[in-house]
Amino acid sequence: MKYYLIAGEASGDLHASRLMRALRQCDPQAEFRFFGGDLMAAEGGQPVRHYRELAYMGFVPVLLHLPTILSNMRRCKRDIVGWQPDAVILVDYPGFNLDIAAYLHRHTQIPVCYYIAPKIWAWKEYRIRNIRRDVDELFSILPFEVEFFEGKHHYPIHYVGNPTADEVEEFRASYDGHFQRSSKPIIALLAGSRRQEIKDNLPAMLRAAATFAADYELVVAGAPGIPADYYSRFVEGHPVRVVYGATYPLLSHAVAALVTSGTATLETALFGVPQVVCYETPLPRLISFLRRHLLRVKYISLVNLIVDRELVPELVADTFSEDNIRHHLSQILPGGSAREAMLEGYREVRERLGKRGAAERAASLIVRLVSGDGKFASLEVKEVKDV
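Residues numbered from 1 in each chain as written. Predicted model: local features only at pLDDT ≥ 70, side-chain atom pairs only at ≥ 80, totals over all residues. Heavy atoms only, no water.

S.K.: Now, about the overall build of the protein chain: what can you tell me, with residues and values included?
M.R.: Looking only at helices and strands, one finds 18 helices and 13 strands in the protein chain. Counting only residues that meet the buried cut, the protein chain has 53% of its 387 residues in that class. Long-range pairs, those at least 24 residues apart, make up 66% of the contacts in the protein chain between residues at least 6 apart in sequence. Here the protein chain displays about 17200 Å² of accessible surface, and carbon together with sulfur accounts for 52% of that area. (Helix = DSSP H or I, 4+ residues; strand = E, 2+ residues; numbered from the N terminus. Buried < 20%, exposed > 50% of the residue type's maximum accessible area, 1.4 Å probe, protein only. Contact = heavy atoms within 4.5 Å. Areas by Shrake-Rupley, 256 points an atom, 1.4 Å probe, with all protein chains shown as cover.)

Encoded structure:
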C-alpha cells in the first residue's frame with residue numbers, strides 16, 4: 001500500500017521515520033512519499049520537500065515566509081492527489097497539517113491518520129471541530145490526552161505509547177559510551193530546534209551556566225539543520241562547545257541540563273538528568289498574563305504535564321531571567337537541594353508513559369485500518385486499543 005507522510009520539524013522527522021520502519025514490517029510492500037527530513041529519507045521512498053522549508057515559528061517569521069508556506073501547501077495538496085495514496089499520515093505540525101486534512105476531506109476520499117495528536121489541550125482548543133471533521137483516526141503519544149479528547153470532547157483516539165520513551169530506551173541499551181569530553185562533569189544546554197528559539201534562549205542560558213564553568217564542562221546540543229555559524233554568534237567568548245548529532249550521548253553523560261520546552265524536556269527526564277526549563281518570550285509580562293488567563297494548561301513542559309505537578313522548574317515569560325536560571329541550576333547540580341526529589345519524580349514519568357512499542361502499535365493499527373473495507377470507523381475503538 002501507499003502511504004504519504006508529512007512531518008514539519010526535526011522531532012517529526014524522527015518519529016515519522018520510525019513509523020515508516022514499523023509500517024514496512026507490517027506491510028512489506030509499503031511505498032512512501034513524504035514531506036520530511038533526512039531520517040525519513042533513510043527509510044526509503046520519495047522525498048518531496050525537506051522540513052527545513054516548512055519550519056517557521058512565530059508571527060513575524062511566518063508572515064515573512066508566507067508565500068513559501070502557501071506554495072508548499074499547494075504543492076503538497078497537488079502531490080497527494082496526483083499520487084493517490086491509500087492513506088495520508090500527518091505527524092504533529094498542526095498549522096500546516098490541519099489545512100492539508102481539511103483539503104483532503106473536502107476534495108478526496110483519501111483516509112487521514114494523525115500520528116502525534118495536535119496539542120490543542122494547550123492552545124486553540126477550537127481546532128477539535130476541524131479534527132473531528134477532517135481526521136479519520138487520531139493517534140496519541142501522551143497519556144493525559146485520552147481524557148481530554150475522549151472524556152471532554154467525546155472524540156475517540158488511540159493512545160499507542162510514547163515513541164520518545166522507546167527511542168531513549170533503545171539508545172541506552174545499545175550505547176557504547178563513546179563521547180568526547182573533558183574530565184569535568186557536564187552541564188547540557190538544549191536551546192531548541194528552531195533559529196528563533198535558539199536566539200531567544202541560548203544567550204541567557206549561556207550566561208547563567210558560565211557561573212559554573214570552573215567545575216563543569218558546558219556543552220550545547222546543536223539542532224539538526226542549524227549551521228555552526230549560527231551558533232557561533234552566541235557561543236563566542238563563552239567556555240562552551242557545540243556538538244551535533246549527539247544529543248542522546250550528551251544526555252547520557254550530563255549531570256544537569258538547561259532545556260527549552262518541547263520534546264527535549266521529556267528526553268532529558270528519561271535520561272535521568274535533572275533540568276531547568278527555560279523559555280524566553282517577547283513582552284514577558286503580557287505573555288505571563290495571557291498564559292494565566294488563556295492557556296488551558298498549567299504547565300508548558302511535557303514532564304510536568306505528564307505528572308500533573310511542577311516536578312521541574314519552568315522559567316517562562318516574566319520568570320525567565322539569567323538570575324533565576326542560575327539559581328535553579330544550582331539547586332539541581334550534584335549536592336543541590338532539589339536534585340533527589342526530581343530524580344525520584346522521573347520514575348513516575350516513566351510509569352505513566354506505559355509500555356514500549358508506540359510506532360509498532362500505531363503501524364499495526366494503520367495497516368489494519370487501510371487494508372480493511374476503507375471505512376476507518378468500522379473498527380471498534382475498544383478493539384483498536386487492545387492491540
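S.K.: Account for the pairing of strand S6 (residues 137-140), with residues named and values stated.
M.R.: Sheet faces and side chains relate simply in a regular strand, where the side chains alternate between the two faces. Neither face of S6 is exposed, since Glu137 and Phe139 on one face and Leu138 and Ser140 on the opposite face are all buried. Summarising the sheet, strand S5 (residues 112-115) and S6 pair through 3 bridges and their orientation is parallel. Looking across to S6, one finds that Tyr115 is bridged to Phe139. Taking the sense of rotation as the criterion, the β-α-β connection linking S5, helix H6 (residues 128-134) and S6 turns out right-handed. Alignment of S6 against strand S7 (residues 158-159), held across 2 bridges, turns out to be parallel. From the neighbouring strand, Phe139 faces S7, where its bridge partner is His158. A crossover connection joins S6 to the parallel S7 through helix H7 (residues 145-152); in handedness this β-α-β unit is right-handed. (Pairing = 2+ DSSP bridges. Right-handed = clockwise from strand over helix to strand, strands pointing away.)

S.K.: Lay out the nonpolar core in plain terms, naming residues and giving numbers.
M.R.: The nonpolar side chains of soluble globular proteins are, as a tendency, buried together. One finds Tyr3, Leu5, Ile89, Tyr115, Phe149 and Leu202 to be the most contacted residues of the largest nonpolar core, which totals 132 residues. Looking at which element gives the most residues to this core, the answer is helix H17 (residues 358-370), with 9 residues. Ignoring anything within four residues of it in the chain, the contact list for Ile89 reads Tyr3, Tyr4, Leu5, Ile6, Leu19, Leu23, Cys113, Tyr115 and Ile366. (Core = buried A, V, L, I, M, F, W, Y, C linked by side-chain atoms within 4.5 Å.)

S.K.: Which residues make up the side chain of Gln275, and what are the values?
M.R.: Within the secondary structure, Gln275 is located in strand S12 (residues 275-279). Here Gln275 falls in the buried class, since its relative accessible area comes to 0%. A polar side-chain atom of Gln275 sits 3.2 Å from a polar atom in the side chain of Tyr346. Setting aside its immediate chain neighbours within four residues, Gln275 contacts Ala257, Val259, Thr265, Thr268, Ala269, Val303, Val312, Pro313, Ile332, Met342 and Tyr346. (Polar contact = N/O pair within 3.5 Å; in protein donor to acceptor, adjacent residues only side chain to side chain.)

S.K.: Could you give me a rundown of the pairing of S12, with the residues and numbers involved?
M.R.: Across the 5 residues of S12, 5 count as buried, placing the element largely inside the fold. With burial as the criterion, each face of S12 is covered, one bearing Gln275, Val277 and Tyr279 and the other bearing Val276 and Cys278. Crossover connection from strand S11 (residues 254-259) via helix H12 (residues 263-270) to parallel S12: handedness right-handed. Examined bridge by bridge, S12 and strand S13 (residues 314-316) share 3 bridges and lie parallel to one another. Paired with Val277 across the two strands is Glu314, which belongs to S13.

S.K.: Go over the sheet that holds strand S10 (residues 240-244), please, and point to the residues and values.
M.R.: What the 6 strands build is an open sheet, ordered S10-S9-S8-S11-S12-S13; its pairing is parallel. Each of the sheet's edge strands pairs with one partner strand only, and the pair in question is S10 and S13. Looking at each pair of strands side by side, their axes are set apart by 25 degrees on average, direction ignored. (Axes fitted to C-alpha atoms, helices over the stretch in contact; angles between N-to-C directions.)

S.K.: I'd love a proper account of the packing of helix H8 (residues 163-174) against H12, names of residues and values included.
M.R.: Packing of H8 against H12 brings their axes to within 10 Å, and their N-to-C directions diverge by 40 degrees. For the element pair H8 / H12, the angle class is oblique. In the packing of H8 onto H12, the handedness of the crossing is right-handed. Residue-level contacts link Thr164, Ala165, Val168 and Arg172 of H8 to Thr263, Leu266, Glu267 and Leu270 of H12. Its residues assigned to classes, the contact of H8 with H12 comprises 4 nonpolar, 2 polar and 2 charged. (Parallel < 35°, antiparallel > 145°, perpendicular 65-115°, else oblique. Left-handed = near helix turned anticlockwise from the far one by under 90°. Nonpolar A, V, L, I, M, F, W, Y, C, P; charged D, E, K, R; others polar.)

S.K.: Which residues make up the packing of aromatic side chains, and what values do they have?
M.R.: Here the structure, examined in full by the defined rule, presents 13 aromatic pairs. For the ring pair Phe148 and Phe149, a centre distance of 5.0 Å and an interplane angle of 90 degrees mean the geometry is edge-to-face. With relative accessibility at 11%, the residue Phe148 sits in the buried group. Aromatic side chains Phe171 and Tyr175 sit 4.8 Å apart centroid to centroid with 25 degrees between the ring planes, which places their arrangement in the stacked category. Each member of the aromatic cluster is reached from another via a ring pair, and the members are Phe171, Tyr175, Tyr248 and Phe271. The cationic tip of Lys2 hangs over the ring face of Trp83; the distance from NZ or CZ to the ring centre is 4.8 Å. (Phe/Tyr/Trp six-rings, centres within 6.5 Å; stacked < 30°, edge-to-face > 60°. Lys NZ or Arg CZ within 6 Å of the ring centre and 35° of its normal.)

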